[in-house]
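Each chain, written out:
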Amino acid sequence: GAEVVFSVDCTKLKEHFLLGKREFDRIYFNFPHCGRKAGVVKNRQLLAGFFHSCAEVLAQEGQVHVALCNGQGGTPADQPRREWHNSWQIAAVAAGAGFILSDVHPFEAEAIDGYKCTGYRSQDKSFCVEGALNHIFTRSTAPMCFAPMSCQTQLRSQKVSFQVPQVLVDKINRGFLEVNSSHPVRTIKEKLSAGLSQAFPLQNISSCLPLLHQGHPSGVCHSNIFWITLSPGEAPSTEKMSQGLADTLLCSHFGQDTDENVQEGCPVPEQFYLRPSLLPHAQAIIKKGAFSPGALQVLSGPVFRKCRITPHSMPAFHEMLVVLAVSRGTENSCVQMLVDNIKATMNSLHQGVSGVKPSISLQEATSFGTELSDFAAFERQLGEIQHFLCVGTDPDPPGSCVGVIRTASGELNSHELVVVSASLNLDLLAMLLCGISDWRMLWTWDRRFLRQFPEGELRLFKSFSLYPPSYMHDVSFWVPDGEEFDEVAFHTLARRVSGEMIVSIQLRDNFQQPGTGRRSLCYRVTFQSCDRALGRQQAAEMQLHFREEIQQHLGVVLR
């Protein structure tokens with residue numbers, strides 16, 4: 001009952017089928033080849049034409065299956081693996097047409113009834129299919145083009161609007177912690193809260209906390225902050241700003257009082273910034289006396305920090321902040337009880353997901369290594385830390401630090417009470433529990449991500465984008481004389497230009513010209529997406545745009 005069509009040009013599929021017959025669920029191409037002794041370049045071109053043609057006739061949820069001989073594909077699934085330049089580079093070629101490699105499995109000719117391999121060099125001869133692989137491709141989500149976005153938030157007694165930094169447009173108001181969300185970060189937050197409620201009276205604070213702070217967070221590097229300009233006509237009155245400044249300053253550094261912050265010389269009160277932490281909100285609650293001794297206050301919500309590009313460094317993540325006031329002299333035992341409860345919950349979750357008991361440790365801040373992850377380093381800027389909460393056996397691998405424990409000082413304590421807090425990075429916990437290697441996957445718009453966590457069930461994540469192609473480009477430039485180069489600003493600009501499609505930036509050379517003293521830097525930029533198709537041409541265009549932007553915004557002179 002099947003219809004068989006002959007003489008079909010695989011690079012012009014839509015020309016062979018009527019409009020109503022172009023929604024194929026599967027397209028199979030077994031062992032494509034240009035014929036005779038065609039080289040790898042010609043066969044790549046054949047595949048490129050084929051994939052572009054498939055995009056015109058494949059159903060939205062359809063699959064393209066391509067079988068290749070062992071080694072041809074150029075992916076790590078090939079054993080042995082050919083050198084990249086000598087392979088067909090199938091994942092990169094498919095990406096150029098908007099496809100991602102979603103699965104690879106052995107091609108089993110004997111399992112296909114009546115199949116016979118023939119056509120070696122356009123002859124009626126068979127060829128070797130031992131070790132051959134079937135590559136399964138699916139459509140990538142379309143490239144995201146986000147327009148400039150305004151956001152409204154509560155700033156003390158007023159509602160104000162502000163322009164969202166372009167690098168955060170796809171991360172504002174995602175609602176991952178809302179009641180109807182099945183996102184892993186919410187599941188982990190709810191499980192931790194449930195565990196803590198068994199040991200302490202618990203009060204959840206609304207996650208609808210103001211996104212903006214005013215002034216300057218004491219002790220925090222200026223370049224790590226997302227500074228905000230309010231929309232025209234939105235600035236609070238001078239009188240309200242003066243009143244609000246005190247509130248903001250006392251919130252700016254957990255464990256330091258207002259007078260110390262004022263003496264450090266904060267900027268003018270008209271400066272606003274996206275909250276880098278929930279600590280100020282907790283401190284404000286404590287200062288107002290809205291705090292029951294012995295009860296656990298739980299705050300949660302997204303926070304925003306400029307940082308360098310690494311697989312575990314996030315410009316936005318969900319923080320869970322637990323605050324507890326305890327009797328003086330019992331703080332150490334209460335910290336241990338708090339940590340034991342978190343560890344028990346994490347052990348239970350991890351065993352449920354992977355069947356393996358994780359190693360969760362509490363490390364003294366004084367013994368923690370100097371090479372800190374961006375999360376741990378920023379937490380140190382916010383105030384003194386007693387302990388780091390780490391997952392894993394390595395004392396300081398990237399991403400192993402998932403939380404910090406603090407004991408407050410100054411006005412927050414009294415003669416009878418001491419305030420203890422635990423700050424947890426829910427995104428890092430989700431990555432570690434669910435086996436997610438790249439933080440960007442947590443923010444994907446691809447529905448295949450959340451489908452793996454039905455009704456909030458935690459499972460080991462299986463990537464729907466295997467072996468995504470990467471493209472390396474170098475950029476070198478002269479740094480303005482007498483100026484310190486802001487590397488965090490450089491990385492943030494790279495995030496914005498690429499739409500988070502840069503996975504790594506490494507300093508390759510730091511050269512100082514003899515005689516003139518001019519300094520030149522050379523960076524290697526690696527473009528790679530974890531969830532979407534990224535073709536070679538698209539990466540090259542991003543690199544050119546990046547060069548233009550750094551010259552315009554950072555004042556460097558390109559080489």
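In this text, all values refer to a predicted model and were calculated from it rather than measured experimentally.

**Digging into the side chain of Ser87**
In step 1: Considering the arrangement of structural elements, one finds Ser87 in the loop between β2 (58-68) and α2 (90-95).
In step 2: For Ser87, the contacting residues outside a window of four places in its chain are Val40, Arg44, Gly71, Gln72, Gly73, Gly74 and Arg82.

**Topic: a nonpolar patch on the surface**
In step 1: A cluster of nonpolar side chains, Met144, Phe146 and Trp445, forms an exposed patch at the surface whose accessible area comes to about 270 Å².
In step 2: Considering the arrangement of structural elements, one finds Met144 in the loop between β4 (133-139) and β5 (150-155).

**Observations concerning the sheet that holds strand β14 (residues 387-391)**
In step 1: Sheet architecture is open: seven strands sit in the order β7-β11-β12-β16-β15-β14-β13, paired in mixed fashion. The two strands at the open ends of the sheet, each matched to only one other strand, are β7 (202-204) and β13 (360-364). Each neighbouring strand pair of the sheet contributes to a mean axis angle of 25°, computed without reference to strand direction.
In step 2: Of the strands in this sheet, β11 (296-304), β12 (316-327), β15 (401-407) and β16 (417-425) touch helix α6 (residues 279-287), which is tilted by about 30° from β12.
In step 3: On the sheet, helix α8 (residues 374-382) packs against β12, β14, β15 and β16 and is oriented at approximately 15° with respect to β15.

**Notes on the environment of Gln271**
In step 1: Mapped onto the fold, Gln271 is located in the loop between α5 (258-263) and β10 (272-274).
In step 2: A relative accessible area of 25% places Gln271 in the partly exposed class.
In step 3: With 41 residues separating them along the chain, Gln271 and Leu230 place their C-alpha atoms 9.2 Å apart.

**So, the nonpolar core**
In step 1: Phe162, Leu168, Leu192 and Leu274 are the most contacted members of the largest nonpolar core, which totals 98 residues.
In step 2: Of all the elements, β12 adds the most residues to this core, at nine residues.
In step 3: Residues in contact with Leu274, not counting those within four places in the same chain, are Phe162, Pro165, Leu168, Leu211, Leu212, Phe226, Ile228 and Phe304.
In step 4: In this structure, Leu47, Val66, Phe99 and Leu133 belong to the second largest nonpolar core, which totals 25 residues.

**A look at the layout of surface pockets**
By rolling a water-sized probe across the atoms, one finds the places where empty space is left.
In step 1: The calculated volume of the largest pocket comes to roughly 830 Å³.
In step 2: Lining of the largest pocket is provided by 27 residues; of these, Phe31, Pro32, His33, Gly119 and Phe127 occupy positions nearest its centre.
In step 3: At the level of elements, β1 (24-30) and α1 (40-54) are the ones that each hand at least two residues to the lining of the largest pocket.
In step 4: Take the lining of the largest pocket: its biggest share by element is three residues, from β1.
In step 5: A per-class count over the lining of the largest pocket returns 14 nonpolar, eight polar and five charged.

**Details of the packing of helix α3 (residues 184-197) against helix α9 (residues 426-434)**
In step 1: Two elements in contact, α3 and α9, have axes whose closest approach is 9 Å; the angle formed by their N-to-C orientations is 100°. Taken together, α3 and α9 sit at an angle that is classed as roughly perpendicular. Packed against α3, whose contacting residues are Pro184, Val185, Ile188, Lys189 and Leu192, the element α9 presents Leu426, Asp427, Leu429, Ala430, Leu433 and Cys434 at the interface.
In step 2: Here the residues of the contact of α3 with α9 are counted per class, giving nine nonpolar, no polar and two charged.

Calculation rules
Residues numbered from 1 in each chain as written. Predicted model: local features only at pLDDT ≥ 70, side-chain atom pairs only at ≥ 80, totals over all residues. Heavy atoms only, no water. Helix = DSSP H or I, 4+ residues; strand = E, 2+ residues; numbered from the N terminus. Contact = heavy atoms within 4.5 Å. Patch = residues over 30% accessible without salt bridge, like charges linked within 9 Å, V, L, I, M, F, W, Y side chains within 5 Å. Areas by Shrake-Rupley, 256 points an atom, 1.4 Å probe, with all protein chains shown as cover. Salt bridge = Lys/Arg side-chain N within 4 Å of Asp/Glu carboxyl O. Pairing = 2+ DSSP bridges. Axes fitted to C-alpha atoms, helices over the stretch in contact; angles between N-to-C directions. Buried < 20%, exposed > 50% of the residue type's maximum accessible area, 1.4 Å probe, protein only. Core = buried A, V, L, I, M, F, W, Y, C linked by side-chain atoms within 4.5 Å. 1 Å grid on protein atoms, 1.4 Å probe; cavity = no way out; pocket = protein on both sides within 12 Å on 5 of 7 lines; lining within 4 Å. Points joined across faces, edges and corners; volume = space filled by probe spheres on them. Nonpolar A, V, L, I, M, F, W, Y, C, P; charged D, E, K, R; others polar. Parallel < 35°, antiparallel > 145°, perpendicular 65-115°, else oblique.

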